[in-house]
Amino acid sequence: QILEEADFKGEDFNLFQVAGQKCLEDGYAAQLLEVIQNEKNKVIIKNMGWNLISPLVRCIFMYKQEDDKYEHCLKILYQLAQLCNPKELFLGLLEQIEQTSGERVCQTVMLLLQPLQTVLLKLQNKKAYSVGLSLAMIMNQLTPLPVPYTKQQIQEDKLGLCQCCNAVVDFAKPFVNEVVKNMEKSSEYNDMELKEELLKFCMKSLKYPLLTAQLEQLEGIEEHPFRHFATEIVNILWDIRELIPLVFLHRKGKSPHWENEEFADIERKDSADSLACLSYLMFVQHFGMDCFPVVFSPSYLLQCNMTHIEVLLKRTEESVLSKGLVSFLLIKFSIMEDNSLLHQYLEFRDFINVPQDLVKVMTLCPIEHVRKKSLSILQLFIDKFDAEGKYTLFRCLLKTSNHAGVEGYIIKNIKDQVHLSLTKARDNIWFTGHHLISLLDLVLLLPEGAETDLLQHSDRIMASLNLLRYLVIKDCESDNQTGVWTALAKIEQNFLKPLHVGLNMSKAHYEAEIKNKKENRREAHSSNAVCSVTVGGEKMPAMTTEMQLQVLQSALFTFDLIESVLARVEELIEVKIKAVTDEN
């Protein structure tokens, strides 16, 4: 007590820490509180008190909340926040947050938020840096924790993440208010450091936990913790005047210059994820829309958000994928009239990339309802474009999808557009004449000629034959609106003849396989032989000889179906040509 501040030695600090820790461990928290509150010890506590943070936190978690010792320990913590040297206590508190892990992370963060806030408000130098460091440290500790997703998980909040996220927002509010106050004082507010740190915190919060969080209203949960957190984050962005710039200008703050390109790529990806989540919050969940200017056309808003939709669709998590699909559906898209989206929009890279991403979701996603939703949205996307836009989109998807089912679906769409053109329901040049013939060159074609795997491409082949049959029936040779009669020789050479040869080869091969299986069936039964199949690295249930025969018979049935439609097409062509010849 009699020493001056400058006279303290290293052993004094050690002695104080050991004595304080011993008091706490032996249950003398009340007496220690008296020592700290004693005015005579003011200089000692100011310089040495921060050393008690570590043993104090351990003891707080050791006692139950109803225990008097727990209450005494909390009072000691808050007294230290008031009395200690702010700089040293700040580092001591951050060290405790950094060292915590597992189930204790949220508990430790929530315990130390109030004293940490008190210390930061007292700091004079490097306040912005210290606030940023605190928020970054807290978010880094929370990020490894799993985000509760189901209603039960959110209600249980087993690790305390829901509660902790909202506590962190409350922790940041005094600093937000400081920025707002300074901006109101001067329109030329130059101290951007604190504002930048708050912006970084919001961007991190958008990526975690909000990007993967369940944000729909849930029955039985009066105040959804993540919806409340999302509201607060959007409000902070609005208060610091960054919400509209982020939505429209894709501003990403002051990004550090990384010499390592890998680090730069990670930062770009993180920023893209955060902006995509913000887009979802605003345009789908309508957070912050009460302050959003209502002057933009649906097509412009769609254009602004296509980059974000693309980011969400490239993710594999169901929660994020669903956000992407719902965003696509609701960002002023479903209210747009069919045929109203100009083909020039396809000059933007995102307008071409997003339908290709939808195709990947449709064909590769293991979740059935997500696959179905992506298919319905792809059709919606096609419907919104004008005729030239549809034409361009069809050409692109036929060249890039590499999936017979998708190609068959696109060919069916082409048939529908041709029908509208021929029935005069819509007068356009893109699905008649030389434009259509150019498109048919991609459609009426076997990828590998007669050696094409007809079973694998059966969806595409059937759709192509149905389109050709429709054209032959609907378009007379004398009218030749579609141009199909002019291109008939090329169609026969590139499609019909190779298809005949391919069918004969495929049927002969499968018939031989069936004969072989039947001859060997007795041997297979006696040896219990089975056929093993591996899909995606996982071994599927073994196939018996009977199962294999069923598969082979099914293939033959498919070939017969293709052959019957092919025969009908050739018959129609012959009848039409004969009718014109007779007429002449």
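One can find the structure itself at the top, above this paragraph.
Residues numbered from 1 in each chain as written. Predicted model: local features only at pLDDT ≥ 70, side-chain atom pairs only at ≥ 80, totals over all residues. Heavy atoms only, no water.

Caption draft 1: Highlighting the overall build of the protein. Scanning the protein for helices and strands turns up 25 helices and two strands. When burial is assessed residue by residue, the protein has 47% of its 584 residues classed as buried. Counted over contacts in the protein with a minimum sequence separation of 6, partners at least 24 positions apart contribute 74%. Only carbon and sulfur atoms are counted for the fraction: they give 51% of the accessible area of the protein, which is about 30,100 Å². (Helix = DSSP H or I, 4+ residues; strand = E, 2+ residues; numbered from the N terminus. Buried < 20%, exposed > 50% of the residue type's maximum accessible area, 1.4 Å probe, protein only. Contact = heavy atoms within 4.5 Å. Areas by Shrake-Rupley, 256 points an atom, 1.4 Å probe, with all protein chains shown as cover.)

Caption draft 2: Local environment of the nonpolar core. One finds Leu 142, Phe 201 and Leu 281 to be the most contacted residues of the largest nonpolar core, which totals 105 residues. Leaving out residues up to four positions away in the same chain, Leu 281 has contacts with Leu 206, Leu 210, Leu 215, Ala 230, Val 234, His 286 and Phe 287. Counting 78 residues, the second largest nonpolar core, distinct from the first, contains Val 370, Ile 382, Leu 471 and Phe 559. (Core = buried A, V, L, I, M, F, W, Y, C linked by side-chain atoms within 4.5 Å.)

Caption draft 3: Just the packing of helix H23 (residues 488-519) against helix H25 (residues 545-583), in detail. Closest axis-to-axis distance for the H23/H25 pair is 10 Å, and the angle between their directions is 155°. The angle between the axes of H23 and H25 places the two elements in the roughly antiparallel class. Taken as a pair, H23 and H25 cross one another with a handedness that is left-handed. Here the contact of H23 with H25 is composed, by residue class, of 15 nonpolar, six polar and eight charged. (Axes fitted to C-alpha atoms, helices over the stretch in contact; angles between N-to-C directions. Parallel < 35°, antiparallel > 145°, perpendicular 65-115°, else oblique. Left-handed = near helix turned anticlockwise from the far one by under 90°. Nonpolar A, V, L, I, M, F, W, Y, C, P; charged D, E, K, R; others polar.)

Caption draft 4: Here's a closer look at helix H6 (residues 86-99). With 14 residues, H6 ought to run about 20 Å at 1.5 Å a step, and its terminal C-alpha atoms sit 20 Å apart, in line with that. Every buried residue of H6 is accounted for by Leu 89, Phe 90, Gly 92, Leu 93, Leu 94, Gln 96 and Ile 97. On its buried side, H6 packs onto helix H4 (53-62), helix H5 (68-83), helix H7 (105-122) and helix H8 (127-142). Capping of H6 at its N-terminal end is provided by Asn 85; its side-chain oxygen lies 3.0 Å from the backbone amide nitrogen of Lys 87. (Expected span 1.5 Å × (residues − 1). Polar contact = N/O pair within 3.5 Å; in protein donor to acceptor, adjacent residues only side chain to side chain.)

Caption draft 5: Region of the structure containing the environment of Val 472. Residue placement: Val 472 occurs in helix H22 (residues 458-474). Apart from residues lying up to four places away in sequence, Val 472 is in contact with Trp 485, Leu 572, Ile 573 and Lys 576.

Caption draft 6: Representation of the side chain of His 435 in the model. Relative to the helices and strands, His 435 is located in helix H21 (residues 433-443). Reaching out from His 435, the side chain makes a polar contact with the side chain of His 434 at a distance of 3.5 Å. Among residues more than four places away in sequence, those in contact with His 435 are Tyr 391, Ile 429 and Trp 430.

Caption draft 7: Highlighting the pattern of salt bridges. Tallied over the entire structure, the rule returns 24 salt bridges. Close ionic contact of Lys 269 with Asp 273 constitutes a salt bridge, the shortest N to O distance being 3.3 Å. Here the residue Lys 269 and the residue Asp 273 both occupy positions in helix H14 (residues 261-283), the gap between them amounting to four residues, near one helical turn. Put simply, Lys 207, Lys 269, Asp 270, Asp 273, Arg 315 and Glu 317 are held in one network by salt bridges that share partners. (Salt bridge = Lys/Arg side-chain N within 4 Å of Asp/Glu carboxyl O.)

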